[in-house]
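Structural overview
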Amino acid sequence: MPSVFETSSTAIPITFVTKSSWEGLRETLSPAQRQFATASAYSAKPGGYLALPASDGAIAQVLFGLEDEGARSRDLFRPGALPGLLPPGTYRFANAPHDPRLAALAFALGCYRFSRYRKAERPEVRLVPPDGVDAAEIDRIADAAMLARDLINTPSNDMGPEQLAAAAQALATEFGASFACTIGEDLEKNFPLIHAVGMASDRAPRLIDIGWGDPDHPKVTLVGKGVCFDTGGLDLKPSSGMLIMKKDMGGAANVLALARMVMDARLKVRLRVLIPAVENAVSGNAFRPLDIFTSRKGITVEIGNTDAEGRLVLADALALADEEKPDLLIDLGTLTGAARVALGPDLPPFYTNDETLAAEVARCAVKENDPLWRMPLWPPYDAWLDSKTATITNAPSGGFAGSITCALFLQRFVEHAGSWLHVDIYGWTPSAKPARPEGGECQAARAIYALLSERYA
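Residues numbered from 1 in each chain as written. Predicted model: local features only at pLDDT ≥ 70, side-chain atom pairs only at ≥ 80, totals over all residues. Heavy atoms only, no water.

With an unreviewed UniProt entry as reference, the protein chain is termed Leucyl aminopeptidase, source organism Bradyrhizobium huanghuaihaiense.

Below, the structure written as structure tokens:
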């Protein structure tokens, strides 16, 4: 994406105003501008926008409302609404919003439009970077977030396992990374769970493998769930539950976004990206409830529900990643409705037994306005995974603590990694908010990138 930032001495000022600061600021306006604001019933409510005219009819400045400093809830991305409001031109912040860096990022993210299938012009606005803000870093993060959005928003007829692999290969080529793809008999032999989930589709399942960086640097491995469409399998979803299942490869999309940030910033890591790419379809050879498969790790898995497929494909990929004993192993996936019931679409839960890592993730999530909430890997629930005919089941009966039992299932496949982080994302914005249009969303990647930047810059 072209950068939203440029330098200009004639940029139009954007003045941020709150209800408590409005009266004082109002007195600094010219009499004509005060009258214009009064006639427009401008009240400086959060999100309130007003372009004030100069004597020649041009825009003298823009007023934009924010929450008061002590407000119970502040949307640090509220300036992301500006690109959709402003006339074409170049702008600058005349005063500081609550967080200038996040405001600049929100402005960039607010310029996103998904235009593959219908015309959607990107706003013709530019922003002079606020003092002290690294515009190149903001561009890096925004470009990656838009990659994730584009991949998720693309419908499944144009984003199957092969197309997801092509997108991953294009990213690898851009940054000089290695790329490999395991498919066919090799996949069935070495990654039985990935093959089992994807074998019913005429679009062949595969394991995508990207490698980048100096082998002597700390090993960081990212694993992303790439279920390009999820019917639920033979445990078929209702139509309402299937409607936005193009987003079920959101873990893969966000892992690729995170990998883009890492490679673009040239962090000092040995990066590996693993994406099991499948379509969970229905046909005569679909895997069935109570089927049993032996995973790559040798753990036998009974299929309690074919709609709990994400943890199956991640399990084989995690087992491969773990064999290399990475310093840090991270997986992202759109995994459980239970996580949405507990925390809603905007607040993904994360799991780890590394207390230092947990504290860093939580801090970076707040810092980046990329919300995450720690949930427990609660040992007593591990027994719920027991199966009478296999080592474990992929879907314990009872329905309790679904996100936790999914995390515990995945934990069975991680043994040698220095630290492990699991994030159960939603990957979708149900209704538009400033800087976050309805549709596919980049979740957790920005917070994790901030953590990796601090550790491995």
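So, on to the pairing of strand E2 (residues 49-53). By the alternation rule, side chains of E2 split into Leu50 and Leu52, which are all buried, and Tyr49, Ala51 and Pro53, of which none is buried. Between E2 and the antiparallel strand that follows it, strand E3 (residues 59-65), lie five residues; Gly57 among them carries a positive phi value of about 90°. (Buried < 20%, exposed > 50% of the residue type's maximum accessible area, 1.4 Å probe, protein only. Helix = DSSP H or I, 4+ residues; strand = E, 2+ residues; numbered from the N terminus. Pairing = 2+ DSSP bridges.)

A sheet is described by the order of its strands in space; here three strands give the open sequence E11-E12-E16, paired in mixed fashion. Because the sheet does not close on itself, it has two edges, and the strands there are strand E11 (292-294) and strand E16 (392-393). In this structure, E11 lies alongside strand E12 (residues 300-302), joined through three bridges in antiparallel fashion. Looking at E12, one finds that Thr294 is bridged to Thr300.

Turning next to the layout of surface pockets. In this approach the atoms are scanned with a rolling probe the size of a water molecule, which exposes any empty space left behind. Reported here for the largest pocket is a volume of approximately 680 Å³. Those elements giving two or more residues to the lining of the largest pocket turn out to be helix H8 (239-242), helix H10 (310-323), helix H11 (337-343) and helix H13 (402-411). Per-element tally for the lining of the largest pocket: the top contributor is H11, with three residues. Its volume calculated, the second largest pocket comes out at about 240 Å³. If you go around the second largest pocket, you meet 19 residues; those closest to its centre are Asp346, Pro371, Arg436, Glu441 and Gln443. Every element with two or more residues in the lining of the second largest pocket is listed here: helix H4 (135-153) and strand E18 (428-429). The class makeup of the residues in the lining of the second largest pocket is nine nonpolar, three polar and seven charged. (1 Å grid on protein atoms, 1.4 Å probe; cavity = no way out; pocket = protein on both sides within 12 Å on 5 of 7 lines; lining within 4 Å. Points joined across faces, edges and corners; volume = space filled by probe spheres on them. Nonpolar A, V, L, I, M, F, W, Y, C, P; charged D, E, K, R; others polar.)

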